[in-house]
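Summary of structural features
Here is how the chains run, residue by residue.
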Amino acid sequence: ILLHGGDQSRLEEELNQTRAAFAILMIGTNDAERSDVERYTRELNEIVRRVLAHNMVLVLSTIPDQLSSPAAGELGRRINEVIRRVAFGCTQRNS
């Protein structure tokens, strides 16, 4: 939902209106119940790209352990690994 609408998306609207210097992003808790890792990875990379395009300092946070089911727990672990990889990729591009 954040990305729907391209340059007119809720995310872009928020980024343009706030003009913040920092962004703290913890996204994925709900995805651990109803998404897949490939889609999550694509969408997280796009959100990160858009935030960084606004010259903001981005802090990525992993999600809490998912205890609702073994499947959600495994998906949560995989999502956290994606978050770590994306964060590491950001630090490599900026060093």
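Residues numbered from 1 in each chain as written. Predicted model: local features only at pLDDT ≥ 70, side-chain atom pairs only at ≥ 80, totals over all residues. Heavy atoms only, no water.

**Some thoughts on the overall build of the protein**
Quick note on the threshold: Runs of H or I in DSSP of at least four residues are treated as helices and runs of E of at least two as strands, each being numbered from the N terminus. For the exposure calls, accessible area comes from a 1.4 Å probe over protein chains only, and a residue counts as buried if that area is under 20% of its type's maximum, exposed if over 50%, partly exposed in between. The criterion used for residue contact is that any of the two residues' heavy atoms lie within 4.5 Å. Surface exposure here means Shrake-Rupley accessible area, sampled with a 1.4 Å probe, where a residue is shielded only by the protein chains that are shown.
Summing up its helical and strand segments, the protein has four helices and two strands in all. Considering the protein as a whole, with its 95 residues, one finds that 33% of them fall into the buried category. When contacts within the protein are restricted to residue pairs at least 6 apart in sequence, long-range pairs at least 24 apart make up 69% of them. When the accessible surface of the protein is totalled, it reaches about 6400 Å², and 51% of it is carbon and sulfur.

**Quick notes on the confidence of the model for the protein**
Put simply, the rule reads: Every residue carries a pLDDT, the predictor's confidence in it, which falls somewhere between 0 and 100.
Scored by pLDDT, the protein comes out at a mean of 86, with 87% of its residues at no less than 70. Mean pLDDT values for the elements of the protein range from 70 in helix H2 (residues 31-34) up to 94 in strand S2 (residues 57-60).

**Some points on unusual backbone geometry**
The phi angle at arginine 19 is positive, at roughly 50°, despite the residue not being glycine. Secondary-structure assignment places arginine 19 in the loop between helix H1 (10-18) and strand S1 (22-25). Despite not being glycine, asparagine 55 shows a phi value in the positive range, around 55°. As for its placement among the helices and strands, asparagine 55 is situated in the loop between helix H3 (37-53) and S2. Looking at asparagine 55, the relative accessible area reads 70%, which means it is exposed.

**Side note on the packing of H1 against H3**
Inclusion rule: Fitting a line to C-alpha atoms yields each axis, with helices limited to the stretch in contact; the angle taken between N-to-C directions then spans 0 to 180 degrees. Working rule for angles: under 35 degrees goes down as roughly parallel, over 145 as roughly antiparallel, 65 to 115 as roughly perpendicular, anything else as oblique. Two helices crossing with the near one rotated counterclockwise from the far one by less than a right angle form a left-handed crossing, whereas a clockwise rotation gives a right-handed crossing. Only Asp, Glu, Lys and Arg are considered charged in this grouping, and only Ala, Val, Leu, Ile, Met, Phe, Trp, Tyr, Cys and Pro are considered nonpolar; every other residue, Gly among them, is considered polar.
Where H1 contacts H3, the two axes come as close as 10 Å, and the packing angle between them is 20°. The angle between the axes of H1 and H3 places the two elements in the roughly parallel class. The handedness of the crossing between H1 and H3 is right-handed. Residue-level inspection shows Leu11, Glu12 and Leu15 of H1 in contact with H3, the latter providing Ile47, Arg50 and Val51. Per-class residue counts for the contact of H1 with H3 are four nonpolar, no polar and two charged.

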